[in-house]
Amino acid sequence: MVTLLYRIYQLFIAIPLIVLHTIFTAIIVSLGTTLGNAHFWGFYPGQWWGAFICRILLLPVKVEGRENLKEGQSYVFVSNHQGAFDIFLIYGFLHRNFKWMMKYQIGKIPFVGYACQKSHQIFINRSGVKKIKASYDQAREILKDGISVTVFPEGARSFTGHMGIFRRGAFMLADELQLPVVPLTINGSINVMPRTRDWRFAIWHPLHLTIHTPIPPQGQGPENVKHAMDESYKTIMSALPKELQGYQENPDQ
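Let me begin by describing the structure that accompanies this report.

Definitions and cut-offs
- Residues numbered from 1 in each chain as written.
- Predicted model: local features only at pLDDT ≥ 70, side-chain atom pairs only at ≥ 80, totals over all residues.
- Heavy atoms only, no water.
- Helix = DSSP H or I, 4+ residues; strand = E, 2+ residues; numbered from the N terminus.
- Buried < 20%, exposed > 50% of the residue type's maximum accessible area, 1.4 Å probe, protein only.
- Contact = heavy atoms within 4.5 Å.
- Pairing = 2+ DSSP bridges.
- Axes fitted to C-alpha atoms, helices over the stretch in contact; angles between N-to-C directions.
- Parallel < 35°, antiparallel > 145°, perpendicular 65-115°, else oblique.
- Left-handed = near helix turned anticlockwise from the far one by under 90°.
- Nonpolar A, V, L, I, M, F, W, Y, C, P; charged D, E, K, R; others polar.
- Core = buried A, V, L, I, M, F, W, Y, C linked by side-chain atoms within 4.5 Å.
- Patch = residues over 30% accessible without salt bridge, like charges linked within 9 Å, V, L, I, M, F, W, Y side chains within 5 Å.
- Areas by Shrake-Rupley, 256 points an atom, 1.4 Å probe, with all protein chains shown as cover.
- Salt bridge = Lys/Arg side-chain N within 4 Å of Asp/Glu carboxyl O.
- Phe/Tyr/Trp six-rings, centres within 6.5 Å; stacked < 30°, edge-to-face > 60°.

**Some words on the environment of Ile-13**
Point 1. For Ile-13, the position within the fold is in helix H1 (residues 2–35).
Point 2. Sequence-wise, Ile-13 and Thr-213 are 200 residues apart; in three dimensions their C-alpha atoms are separated by 39 Å.

Structure below.
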């Protein structure tokens, strides 16, 4: 009975408001970035949007570890990727100005894609070396401005909640610019909307975001890249429930 009532609430209240809020946010971002200050308009409306979606769906959110971050410091945030709600959780509750490194296909989504382009989110196109290089050149410029970058180094959502392999790109970027890497652990997103249930009703479940201690550079070069990647992987996994710990192959990687 509770599940039925929650679905009725979503159908007639939450989903229509989410759609309207998404379109409104995309318009605000597009207009704001046209007028100027893409770092402001490219983040704060999105932050409010992410928090709104979690709250309108009545999802409890717990965040731990914000005290680990320093004001004015650029970071490379790396997170496990349990499901679609990872984006809303990080955007709404990390409380740091950052740009996303995202798949270039997102740029084709109506309203949202245009807003992402206008706000200088970083699209990763792996169809050629030049396009990959252009994406990372853009990330370097953003990080030099004191803004952070958030990456899902798995590159694809999990099917089970377990972690797959990490790609090296984010850690190479952090190594080149000698920036700290901050691991983020997301719990609960797989329960709210696993990728096997895309575009269906959300399932009520608490969301938990853990912001771990930054991993500072240990020198520069391949050893530092490997150190940051291995430590991030181990740290993120350590905060997952025991039943979700351990590597599991993701066929999308």
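Now that the structure is up, let's keep going.
**Some points on the side chain of Thr-22**
Point 1. Within the fold, Thr-22 resides in helix H1.
Point 2. According to the relative accessible area criterion, Thr-22 is buried, its value standing at 18%.
Point 3. Excluding anything up to four places from it in sequence, Thr-22 contacts Trp-49 and Val-112.

**Brief notes about unusual backbone geometry**
Point 1. Positive phi, close to 55°, is recorded for Gln-178, a residue that is not glycine.
Point 2. Examined against the element boundaries, Gln-178 turns out to sit in the loop between helix H7 (169–177) and strand E6 (181–187).
Point 3. Of the residues examined, Gln-178 reaches a relative accessible area of 34% and is grouped as partly exposed.
Point 4. Positive phi, close to 65°, is recorded for Trp-199, a residue that is not glycine.
Point 5. Position of Trp-199 relative to the elements: it lies in the loop between helix H8 (189–192) and strand E7 (207–211).
Point 6. What makes Trp-199 exposed here is its relative accessible area of 86%.

**Let's talk about the pairing of E7**
Point 1. Most of E7 is tucked away: four of the five residues are buried.
Point 2. Sheet topology places strand E1 (residues 61–64) next to E7; four bridges connect them, and they run parallel. Pairing of Lys-62 across the sheet is with His-208, part of E7.

**Quick word on the environment of Gly-92**
Point 1. On the secondary structure map, Gly-92 appears in helix H4 (residues 85–93).
Point 2. On the accessibility criterion, Gly-92 (4% relative accessible area) is buried.
Point 3. Once the C-alpha coordinates of Gly-92 and Pro-45 are considered, the two residues, 47 residues apart in sequence, prove to be 9.6 Å apart.
Point 4. The residues touching Gly-92, leaving out its near neighbours within four places in the chain, are Gln-47, Gly-50 and Ala-51.

**Side note on the packing of H7 against helix H9 (residues 222–238)**
Point 1. H9 packs onto H7 with a crossing angle of 130° between their chain directions and a minimal axis gap of 9 Å. Regarding the angle of H7 to H9, the classification is oblique. Crossing of H7 over H9 shows right-handed handedness. For the pair H7 and H9, the contacting residues are Phe-171, Met-172 and Asp-175 in the first and Asn-224, Val-225, Ala-228, Met-229 and Ser-232 in the second.
Point 2. Its residues placed into classes, the contact of H7 with H9 shows five nonpolar, two polar and one charged.

**Quick look at the nonpolar core**
Point 1. Membership of the largest hydrophobic core comes to 36 residues, with the highest contact counts inside it found for Leu-57, Phe-85, Ile-90 and Leu-184.
Point 2. Counting residues per element, this core draws most heavily on H4, at six residues.
Point 3. With sequence-adjacent residues up to four places away left out, Phe-85 is seen in contact with Ile-53, Leu-57, Leu-59, Ser-189, Val-192, Met-193 and Ala-202.

**What about the packing of H1 against helix H3 (residues 44–56)?**
Point 1. It is at 10 Å that the axes of H1 and H3 come closest, and there the two elements cross at 180°. Considered as vectors, H1 and H3 are oriented roughly antiparallel to each other. The segment H1 lies against H3, with Tyr-9, Ala-14, Leu-17, Ile-18, His-21, Thr-22, Thr-25, Ile-28 and Val-29 engaging Pro-45, Gly-46, Trp-48, Trp-49, Phe-52, Ile-53 and Ile-56.
Point 2. Its residues assigned to classes, the contact of H1 with H3 shows twelve nonpolar, four polar and no charged.

**Considerations on a nonpolar patch on the surface**
Point 1. A contiguous nonpolar surface patch, about 940 Å² in accessible area, is contributed by Met-1, Leu-4, Leu-5, Ile-8, Leu-11, Phe-12, Ile-13, Leu-17 and Leu-20.
Point 2. Among the structural elements, Ile-8 can be located in helix H1.

**Comments concerning the packing of aromatic side chains**
Point 1. Evaluation of the coordinates by the stated rule reveals 16 aromatic pairs.
Point 2. Between Phe-43 and Phe-98 the ring centres are 5.7 Å apart and the planes differ by 65°, which places this aromatic pair in the edge-to-face class. One end of the pair, Phe-43, is in the loop between helix H2 (38–41) and H3; the other, Phe-98, is in strand E3 (residues 98–103), and 55 residues separate them in sequence.
Point 3. Consider the rings of Phe-166 and Phe-171, whose centres lie 6.0 Å apart with planes at 20°: the pair is stacked.

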